[in-house]
Amino acid sequence: MSWSTTLGGHSYSFADLRDLLARATPLRSGDVLAGVAAESAAERVAAQTVLADLPLAHFLDEAVVPYEDDDVTRLIMDSHDAEAFAPVRSLTVGGFRDWLLSWEADTATLAALAPGLTPEMVAAASKLMRVGDLVAVARKTRVVTALRTTIGLEGRLATRLQPNHPTDDAVGITASLVDGLLHGAGDAVVGINPATDRPSTVLALLELIDDARRRLDAPIQSCVLTHVTTTLELLERGAPVDLVFQSVAGTQAANRGFGVTLDQLAAARAGALELGRGTVGSNVTYFETGQGSALSADAHHGVDEQTLEARAYAVCRAFDPLLVNTVVGFIGPEYLYDGKQILRAGLEDHLCGKLLGVPMGVDVCYTNHAEADADDTDTLLLTLGAAGCAFVITVPGGDDIMLNYQSLSFQDVLQVRQTLGLRPAPEFEAWLGSVGLLDDAGRVPQLVPEPIRALMA
């Protein structure tokens, strides 16, 4: 199906749904690189005008990646809940956008709707929104998950404590772990990106975090962000795996580039569930995504990067995750050129994931060759805090010395929690108070409590 419209005396045509979605997308460098972006601001407005009048139900009739060629498309279509979709079935994309901003679309209603929405539907609606709209709708959309801590509750902002080290040195990692705990970080997960994927190294890192958890009696969950096949091997060896991790994308071909299949993800999740390591819940998967990942693998099928990112959340949703985060500025300026594009992408991803029922966090970050700086990360962090983001990534000093990119520091999250009146996950907050890491006013003390001193020794 094709569409055409006339705007300002000029005619514009869009060959199919894939073309229409791409040209309606707010400008980003990755779509320009892929050759799918609108050629002018006027063409973008024309595409958005056509998209606004498109029936929402059309997304059930036309796939942006063919059903017969792609297991992610099959997952999206085969798992669609028609009954949940019924309340909005008669709406256009523009009408759906307006309804999302209405009082009628409250938290409970949005939660019930999630199984009836496809990634392409929510991506389309987000393309018609301004930044304020993205924040407003996301704020009332809530997804709550749990393992040892409860993530996503209203008024809470959790953190991933990321104690990476370029040589996987145990002393260096422990120093970063202690630094993060002293700043009240780590309630979402203590997650290490290993410098090597050797099973012996990954096992040693898992045991390091688990030993610290047990010595401190801290309600934290650990994750070493290794490939899912390594995790499957370690599960067979009885390793202390809290969370199964994998990077995923929005097409079968892109996931093939990551070396992962849906069957492998299902097997790893089942293995982690059998361990029964949770105390307040049983969400045992952790996924990372990012706009541009499919394009970088030449697996984008001519689809814009934001729509493909939303499709990645359908993969995540199928495995009942504790955490999902978009590494929004990590892939580089080829895909998100500057602070403005990173800001919008982070808010789009956060909203689209939550509308689909996925517990969304954001790695507020950028690479050193992007046109971005700490002012941009401050802006995105504050808007995400206002939008009810489940968690963010934190590293010592805001500088990841292993992955060589800029993220948030532990202090940044302390500041935004204070500014917006946000608190850590409840189980973690109680533990912080019990060991003297929070005073009665919810502030982090300047002195190191004895339990942390013992770990440092």
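A quick note: this is a predicted structure, and the numbers were derived from the prediction, not measured.

Trainee: Could you clarify how one ought to interpret the overall build of the protein chain in this entry?
Mentor: Tallying secondary structure elements over the protein chain gives 21 helices and 14 strands in all. Taken over C-alpha atoms, the radius of gyration comes to 22 Å for the protein chain, in line with the 23 Å a tight globule of 457 residues would show. Seen through its principal axes, the protein chain has C-alpha atoms that stretch 75 × 45 × 45 Å. For the protein chain, long-range pairs separated by at least 24 residues make up 77% of all intrachain contacts whose partners lie at least 6 apart in sequence. About 17,200 Å² of surface is accessible on the protein chain, with carbon and sulfur atoms providing 51% of the total. Computed over 32 positive and 59 negative side-chain charges, the inter-centroid distance for the protein chain is 4 Å.

Trainee: Can you walk me through the environment of L56 in this structure?
Mentor: Its location among the elements puts L56 in the loop between α3 (41–52) and α4 (71–78). For L56 and A124, which are 68 residues apart along the polypeptide, the C-alpha to C-alpha distance reads 9.2 Å. Residue contacts for L56: discarding those within four places in its chain leaves F85, V88, L91, T92, V93, F96 and M121.

Trainee: Sorry, what's going on with the nonpolar core here?
Mentor: A general feature of soluble globular proteins is that nonpolar side chains tend to end up buried together. In terms of nonpolar packing, the biggest core is built from 142 residues, with L51, F59, Y286 and W431 touching the most fellow members. With eight residues, the single largest contributor to this core is helix α11 (residues 199–216). Look past the residues within four positions of L51 in its chain and what remains in contact with it is L20, L21, A24, F59, V93, A124, K127 and L128.

Trainee: Explanation requested: the pattern of salt bridges in the structure shown.
Mentor: Oppositely charged side chains are able to pair whenever their charged atoms sit close together. Across all of its chains, the model carries 23 salt bridges by this definition. Ionic pairing is found between R311 and D70, a salt bridge with its closest N-O pair at 2.9 Å. With R311 in helix α16 (residues 305–317) and D70 in the loop between α3 and α4, this residue pair connects regions lying 241 residues apart in the sequence. As far as burial versus exposure is concerned, R311 and D70 are alike and both buried. A cluster of three or more residues bridged by salt bridges with shared partners is formed by R148, D210, R213, R214, D242 and R277.

Trainee: When you look at helix α12 (residues 228–236) in this model, what are you seeing that I'm missing?
Mentor: Each full turn of the α-helix corresponds to 3.6 residues, which orients residues three or four apart in the same direction. V228, T230, T231, L234 and L235 are the residues of α12 that are buried. For α12, the angular spread of buried residues about the axis comes to 150°, placing them on one side. Tucked into the core, α12 has its buried residues touching α11, β8 (244–247) and α14 (262–275). In the segment just after α12, G238 is the residue with positive phi, at about 80°.

Trainee: How should the layout of surface pockets be read in this particular structure?
Mentor: Approximately 410 Å³ is the volume found for the largest pocket. Lining the largest pocket we find 24 residues, and of these N193, F245, S247, E288 and F330 sit closest to its centre. The space that makes up the second largest pocket amounts to roughly 290 Å³. Of all the secondary-structure elements, those providing two or more residues to the lining of the second largest pocket are α19 (410–420) and α20 (426–434). By residue number, the principal contributor to the lining of the second largest pocket is α19, which donates three residues.

What counts, and where the lines are drawn
Residues numbered from 1 in each chain as written. Predicted model: local features only at pLDDT ≥ 70, side-chain atom pairs only at ≥ 80, totals over all residues. Heavy atoms only, no water. Helix = DSSP H or I, 4+ residues; strand = E, 2+ residues; numbered from the N terminus. Rg over C-alpha atoms; globule rule 2.2 N^0.38 Å. Contact = heavy atoms within 4.5 Å. Areas by Shrake-Rupley, 256 points an atom, 1.4 Å probe, with all protein chains shown as cover. Lys, Arg positive; Asp, Glu negative; His and termini not counted. Charge placed at Lys NZ, Arg CZ, Asp CG, Glu CD. Core = buried A, V, L, I, M, F, W, Y, C linked by side-chain atoms within 4.5 Å. Buried < 20%, exposed > 50% of the residue type's maximum accessible area, 1.4 Å probe, protein only. Salt bridge = Lys/Arg side-chain N within 4 Å of Asp/Glu carboxyl O. Arc of directions from axis to C-beta. 1 Å grid on protein atoms, 1.4 Å probe; cavity = no way out; pocket = protein on both sides within 12 Å on 5 of 7 lines; lining within 4 Å. Points joined across faces, edges and corners; volume = space filled by probe spheres on them.

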